[in-house]
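# Understanding the architecture of this molecule
Take a look at the letters that make up each chain.
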Amino acid sequence: MQLFTEHNAKVKALIGNGFEANTLKGYNTSEKHLTGYLQNEYSKTDIEISQLNHAFITGFEFYLKAECKISGVSAAKYIKHLKKIVNHCIANNWLKQNPFINFKSSAKAKERTYLTQQELDAITNKKFVVERLVQVRDVFVFCCYTGLSYADVKKLRRNEIGIGMDGDKWIFTSRQKTDTSSRIPLLPVALTILNRYQDHPQCENKGLLLPVLSNQKMNAYLKEIADLSDVVKHLTFHLARHTFATTVTLSNNVPIETVSKMLGHTNIKTTQHYAKILDLKVSHDMAALKQKYAGI
């Protein structure tokens, strides 16, 4: 626990310089759960590093699910945080054997929700009388066509729009979460939205591209937007990123490597979580094969 506390103190010191406040929040929660597990299982506030073994990890996972009523996916995240501390111990030769060597999380990734093209069109074309709904809808739709996350669209500046190698306008930015570069060609819908806010006072004063409200307000208004647009899905801002990966790009035959690059992912496995292979795409890909075999 001493090592965990030291690790979190370092993360706190690096907020804004490699780490985000939300990352620290996650590590603090992990520390809190580990403290609870030690009290519950060992009646102690800390244990020796040498006592970290396979039984400790499986016991911690069970405690998270049974006692804390935490989902498998969230439990896997807290165990991943513990693994980071264990790897630090191994690197320093404080642990001779890796207690994670035979551990495999049983958690399965949640199915990612996204908007179909029909649902996206319904939201895009809906006429709203209330200005705040128009504004939130526009930012959301912009992200559906660019793949930007809330944090990245909020900080997007006018000087991050440039001319790409094809002579058209591109976004040249870096992801706030991972600090990796993200280069995205602007599709016509996204360009139209940007032009709409060219003279917006909030954007002009701060040099920003779009007037983005707080994440909480955005998600609250998105529920209203979904109702008014007759979209039954639970609309959250992060859905825009999933929609870009799945409906806008992959289902239109954009290769997953290209999608991964635009999303600013460092690993293609991350993109695969976002991008479900659609039945529509499977049908399209198999059409030529059907024709070939039809002639036999």
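Rules and cut-offs
- Note that residues are indexed from 1 along each chain, following the sequence as it is written.
- Only residues with pLDDT of at least 70 get local features here, since the model is predicted, and only at 80 or more are side-chain atom pairs given and counted; chain-wide, interface and lining totals rely on the full set of residues.
- To obtain the side-chain values, all non-hydrogen atoms of the structure were included, while hydrogens and water were left out.
- Think of it in three bands: residues with accessible area under 20% of the maximum for their type are buried, residues over 50% are exposed, and the middle band is partly exposed, with areas taken using a 1.4 Å probe on protein chains only.
- By the criteria applied, helices consist of DSSP H or I runs no shorter than four residues and strands consist of E runs no shorter than two, each listed in order from the N terminus.
- Strands are treated as partners if at least two bridges between them are detected by DSSP.
- When two rings of Phe, Tyr or Trp (its six-membered ring) have centres within 6.5 Å they constitute a pair, described as stacked for plane angles under 30 degrees, edge-to-face for angles over 60, and tilted for the intermediate range.
- Any Lys NZ or Arg CZ found within 6 Å of a ring centre and within 35 degrees of that ring's normal is scored as a charge over the ring.
- To obtain each axis, a line is fitted to C-alpha atoms, and for helices this fit is confined to the stretch in contact; angles are then taken between N-to-C directions over 0 to 180 degrees.
- Here the word oblique covers every angle except those under 35 degrees (roughly parallel), over 145 (roughly antiparallel) and from 65 to 115 (roughly perpendicular).
- Crossings are assigned a handedness: left-handed for a near helix turned anticlockwise from the far helix by less than a right angle, right-handed for a clockwise turn.
- In what follows, residue pairs with any heavy atoms lying within 4.5 Å of each other are defined as contacts.
- Classification convention: Asp, Glu, Lys, Arg as charged; Ala, Val, Leu, Ile, Met, Phe, Trp, Tyr, Cys, Pro as nonpolar; all other residues, Gly among them, as polar.
- Two N or O atoms form a polar contact when they lie within 3.5 Å of each other; inside protein one atom must be a possible hydrogen donor and the other a possible acceptor, and for residues adjacent in sequence the pair counts only when both atoms belong to side chains.

Next up on the list: the pairing of strand S3 (residues 181-185). Burial of the side chains of S3 is restricted to one face: Ser182 and Ile184 are buried, whereas none of Ser181, Arg183 and Pro185 on the reverse face is. Bridge analysis of strand S2 (residues 169-174) against S3 gives 5 bridges, and the strand direction is antiparallel. Bridge pairing in S3 places Ser174 opposite Ser181.

For the coordinates displayed, the defined rule picks out 9 aromatic pairs. Judged by centre distance (6.0 Å) and plane angle (90 degrees), the ring pair of Tyr37 and Tyr42 falls under edge-to-face. We classify Tyr42 as partly exposed; its relative accessible area is 28%. Put simply, the rings of Tyr37, Tyr42, Phe56, Phe60 and Tyr63 pair up and form one aromatic cluster. The ring of Tyr114 has Lys233 lying over it, and the distance from NZ or CZ to the ring centre is 5.5 Å. Its guanidinium or amino end placed over the ring of Tyr293, Lys292 lies 5.9 Å from that ring's centre, counting from NZ or CZ.

Let us now look at the pairing of S2. Here 3 bridges tie strand S1 (residues 161-163) to S2, and the two strands are oriented antiparallel to one another. The residue bridging Gly162 from the neighbouring strand is Trp170, located in S2. Here S1 folds back onto S2 in antiparallel fashion, the turn holding 5 residues, of which Gly167 has a positive phi close to 85 degrees.

Two elements in contact, helix H11 (residues 239-249) and helix H12 (residues 256-263), have axes whose closest approach is 11 Å; the angle formed by their N-to-C orientations is 150 degrees. With respect to each other, H11 and H12 are oriented roughly antiparallel. H11 and H12 meet at a crossing whose hand is right-handed. Here H11 contributes Arg241, Phe244, Ala245 and Thr249 to the contact with H12, which in turn contributes Val259, Met262 and Leu263. Across the contact of H11 with H12, the residue classes tally to 5 nonpolar, 1 polar and 1 charged.

Let's shift gears to the side chain of Ser149. Within the element layout of this structure, Ser149 appears in the loop between helix H6 (131-144) and helix H7 (150-154). Overall, the relative accessible area of 8% leaves Ser149 in the buried class. There is a polar contact of 3.1 Å between the side chain of Ser149 and the side chain of Asp152. Discounting residues that sit within four places of it in the chain, Ser149 has contacts with Arg175, Phe237 and Arg241.

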